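# Breakdown of the fold
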Amino acid sequence: MFSAGHKIKGTVVLMPKNELEVNPDGSAVDNLNAFLGRSVSLQLISATKADAHGKGKVGKDTFLEGINTSLPTLGAGESAFNIHFEWDGSMGIPGAFYIKNYMQVEFFLKSLTLEAISNQGTIRFVCNSWVYNTKLYKSVRIFFANHTYVPSETPAPLVEYREEELKSLRGNGTGERKEYDRIYDYDVYNDLGNPDKSEKLARPVLGGSSTFPYPRRGRTGRGPTVTDPNTEKQGEVFYVPRDENLGHLKSKDALEIGTKSLSQIVQPAFESAFDLKSTPIEFHSFQDVHDLYEGGIKLPRDVISTIIPLPVIKELYRTDGQHILKFPQPHVVQVSQSAWMTDEEFAREMIAGVNPCVIRGLEEFPPKSNLDPAIYGDQSSKITADSLDLDGYTMDEALGSRRLFMLDYHDIFMPYVRQINQLNSAKTYATRTILFLREDGTLKPVAIELSLPHSAGDLSAAVSQVVLPAKEGVESTIWLLAKAYVIVNDSCYHQLMSHWLNTHAAMEPFVIATHRHLSVLHPIYKLLTPHYRNNMNINALARQSLINANGIIETTFLPSKYSVEMSSAVYKNWVFTDQALPADLIKRGVAIKDPSTPHGVRLLIEDYPYAADGLEIWAAIKTWVQEYVPLYYARDDDVKNDSELQHWWKEAVEKGHGDLKDKHGGLSCRHLKTLLKFASLSYGLLQLSMQPLILVSILMEV
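Values in this document were obtained by computation on a predicted structure and should not be read as measured data. (Residues numbered from 1 in each chain as written. Predicted model: local features only at pLDDT ≥ 70, side-chain atom pairs only at ≥ 80, totals over all residues. Heavy atoms only, no water.)

### So, the side chain of Glu651
In this fold, Glu651 is placed in helix α20 (residues 643-656). Its relative accessible area of 10% is what places Glu651 among the buried residues. Contact partners of Glu651, with chain neighbours within four places excluded, come to Tyr186, Ala513, Arg516, His517 and Gly656. (Helix = DSSP H or I, 4+ residues; strand = E, 2+ residues; numbered from the N terminus. Buried < 20%, exposed > 50% of the residue type's maximum accessible area, 1.4 Å probe, protein only. Contact = heavy atoms within 4.5 Å.)

### With respect to empty space enclosed by the protein
Counted according to the given criterion, the structure contains one cavity of 30 Å³ or more. Along the walls of the largest cavity sit Leu192, Arg203, Pro204, Leu206, Ile547, Asn548, Ala549, Glu554, Lys561, Val564 and Glu565, which together make up its complete lining. (1 Å grid on protein atoms, 1.4 Å probe; cavity = no way out; pocket = protein on both sides within 12 Å on 5 of 7 lines; lining within 4 Å. Points joined across faces, edges and corners; volume = space filled by probe spheres on them.)

### Quick look at the packing of helix α11 (residues 473-505) against helix α16 (residues 563-571)
Remark: α11 packs on α16, axes separated minimally by 10 Å, with the N-to-C direction vectors making an angle of 55°. Put simply, α11 runs oblique to α16. The way α11 lies across α16 gives a crossing that is right-handed. Here Tyr493, Leu496, Met497 and Leu501 of α11 lie close against α16, whose contacting residues are Ser563, Met566, Ser567, Val570 and Tyr571. (Axes fitted to C-alpha atoms, helices over the stretch in contact; angles between N-to-C directions. Parallel < 35°, antiparallel > 145°, perpendicular 65-115°, else oblique. Left-handed = near helix turned anticlockwise from the far one by under 90°.)

### A look at unusual backbone geometry
Geometrically, the link from Phe365 to Pro366 is a cis peptide bond, its omega value of 0° lying close to zero. Structurally, the position occupied by Pro366 is in the loop between β15 (360-361) and α8 (373-376). Phi is positive for Ala461, which is not a glycine, with a value near 75°. Of note, Ala461 is situated in the loop between β18 (443-453) and β19 (462-467).

### Comments concerning the side chain of Asn133
Structurally, Asn133 can be placed in the loop between β9 (121-131) and β10 (141-144). Its relative accessible area of 9% is what places Asn133 among the buried residues. Of the polar contacts made by the side chain of Asn133, one reaches the backbone oxygen of Met103; its length is 2.8 Å. Here Lys135 takes part through its backbone nitrogen, which lies 2.9 Å from a polar atom of the side chain of Asn133. Ignoring anything within four residues of it in the chain, the contact list for Asn133 reads Asn101, Tyr102, Met103 and Gln104. (Polar contact = N/O pair within 3.5 Å; in protein donor to acceptor, adjacent residues only side chain to side chain.)

### Describing helix α10 (residues 414-421)
Along α10, six of the eight residues are buried, which leaves the element largely enclosed by surrounding structure. Residues of α10 that are buried in the fold lie against α8, β17 (430-437), β18, β19 and α16.

### Remarks on the sheet that holds β17
One open sheet holds the five strands; their spatial order is β15-β16-β17-β18-β19, and the pairing between them is antiparallel. Each end of this open sheet is capped by a strand with a single partner; those strands are β15 and β19. When β18 meets β19, the two strands line up antiparallel, connected through six bridges. Paired with Pro453 across the bridge in β19 is Ala462. On top of the sheet, helix α7 (residues 343-352) reaches β16 (404-409), β17 and β18; it is set at about 80° to β18, its chief contact. Along the sheet face, α11 touches β16, β17, β18 and β19 and points at about 80° away from the line of β18. (Pairing = 2+ DSSP bridges.)

### Considering the pairing of β16
With six of six residues buried, β16 lies mostly within the body of the structure. Where β15 meets β16, two bridges bridge the pair, whose relative direction is antiparallel. When the bridges of β16 are listed, Arg360 appears paired with Met406. For β16 and β17, the ladder comprises six bridges, and the chain directions are antiparallel. By the bridge assignment, Leu404 is partnered in β17 with Phe436.

### Some remarks on the pattern of salt bridges
A complete count under the given rule lists 31 salt bridges for this structure. Taking the shortest distance from any N to any O, the salt bridge between Glu86 and Lys60 comes out at 3.0 Å. Linking Glu86 in strand β6 (residues 79-86) with Lys60 in the loop between β3 (56-58) and β4 (62-63), this pair joins segments that are 26 residues apart in sequence. A relative accessible area of 44% means that Glu86 is categorised as partly exposed. The class for Lys60 is exposed, based on a relative accessible area of 56%. Where salt bridges share partners, they join Asp191, Arg217, Arg222, Glu232 and Arg543 into one cluster. (Salt bridge = Lys/Arg side-chain N within 4 Å of Asp/Glu carboxyl O.)

### Section: the confidence of the model for the chain
Chain-level pLDDT for the chain is 84 on average; 82% of the residues reach the 70-or-more range. Overall, residues 20-30 carries pLDDT values under 50, and its contacts beyond four positions in sequence, including any with other chains, amount to 13 contacts. Predicted confidence for residues 307-323 stays below pLDDT 50, and this span has 44 contacts to residues more than four positions away or in other chains. (pLDDT = per-residue confidence, 0-100.)

### Quick notes on the nonpolar core
By size, the foremost hydrophobic cluster in this structure holds 99 residues, and its most contacted members are Ile359, Phe413, Leu443, Phe510, Leu585 and Tyr608. It is α11 that provides the largest number of residues to this core, a total of 11 residues. Lining this core are residues from two domains, each supplying at least three of them: domain 3 (358-486) and domain 4 (496-699). Setting aside residues no more than four positions away along its own chain, Phe413 makes contact with Ala430, Asn489, Cys492, Leu558 and Met566. Core analysis: the second largest hydrophobic core is formed by 29 residues, Phe85, Ile93, Leu112 and Val131 among them. (Core = buried A, V, L, I, M, F, W, Y, C linked by side-chain atoms within 4.5 Å. Domains from an automatic or database assignment.)

Below, the structure is given as structure tokens:
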């Protein structure tokens, strides 16, 4: 295999920290020579030969030798170093390696490649991880070759190394996390408020109770506030495991700086330019809105000079001279500036707009409420059948032919309408919108119900007004206003529930559980982690500047201080298996099972872009998953016998989604395939449609 005194040639690719930062003049710092000498050492670990304790044999400390300038595949900022390991036949085949950084500064390790390994050829180690000074770690950093093994098939000499690495990632659940830590653990959302600063900034703890159930977020270990021992104090930086921190993007780039810039630099600059007390930020006419697309907002030069040097601002804010905040014009407005006011566009947005995953089929009339009548009284709809224009259909005929649909924001908003309206920052109604599916396949709105809590108290039932479509006179203005209330509720639900809760918060427990219980060698780890990228980091930034007390969401969205609390109320009904797209469409009554169709479901609204396109993507992912998973799990017993996978699912359910743990059963092949498809699909489908709204919501804050 290897002769005595044989050396294995290797190439280490890394990115120095300073290479990821930029000097004021824009030039990169060149400090590659710092890696030579005795600064960084590696030790190969055998996958086939064990020592006296059954662990893979460990080779000698070997240091980087020289800079490799001939490697043609290096990416921007990457550097390659040569290394030669002493290795003979008694050591077997390398399957892992230790690395020690003796420098004070960290670096981003991309890969190690070993060449000319007997009977193996090239062995690659894909690392993609930050490596800090070795004294900061409780155990030496280890990386495994780019192979895939379920736990029972792991080469015996690597088994203990595999288990030890997972143990180090789990930590011991104590202490405050540091920048260099790689520990994944759970905590409740108890860091959104800041009661030490003001009692008005106190917020309830989300998670850990039946009153406010919530998915878990990553634990930081910070101490409690002085005012409230149940609230975690905030800090300048919200910890996430180092490798979750936006990968190896430049430290002055992307969302982190964008979010901080918006909340810490841009907003104060704008406030200095406008007297917000005497001139509140509001639109006085539709022309004010059109100005955002046609000319932007004119700002003083000193404000521009403050914010324009920020790279992210150059991207987010289109500026020519003193005009800033110039929005790209929506396509529908390019066709007609009043197109958005039409009933056709209003209905189309529910199936092809930013939030196309809430509309549902109406199965009974009048619509009923699921709110507890012992608390909220009678919340049944006041819409009558004889008031609706159903194109000649009777109510029974329309229901029987599945032509009635509803956008229902009654139950979620009604418990909060009184509190929201008492804030004096905005006014709202709980809303129900009834839609009829025409013969030509388009939807038309036929009624909007606006509801308020009774002035005598919640038990006195709702005070409701039914608004019908109108094209002339005062009635047409009232109809347009009613549609506006629906759109505001819809945009709030989209960002807080469809987007934040369902595609960010609900996924974080799975991210945490994956790193705690699935080895990097695990086949499911390799499938899931690309779809988790940046989830924890973005969520931490959200807790810091977006969903926190008086953050961007609270200061721009209708529910204000109740925004995230409302998402907790929606989470009470979250069921994992319902997140599968076909199951969701069927549950909402916008599709029915049909084995004769390509995807097993038939859409009741044929022109439903979100559902139609989503099913195509779902089918592609389903094919991919069904081809990959059986390579490792042919039967449910294979899943049950995988200890890592079982611990992963158990912890994700019982800890990560612990408030709803009774709603989820054991892990089967079906559950496994559903999660793989959900992780791949859910955020992508929403992200394509919600980018403009994200930009608008952030910009409206400043």
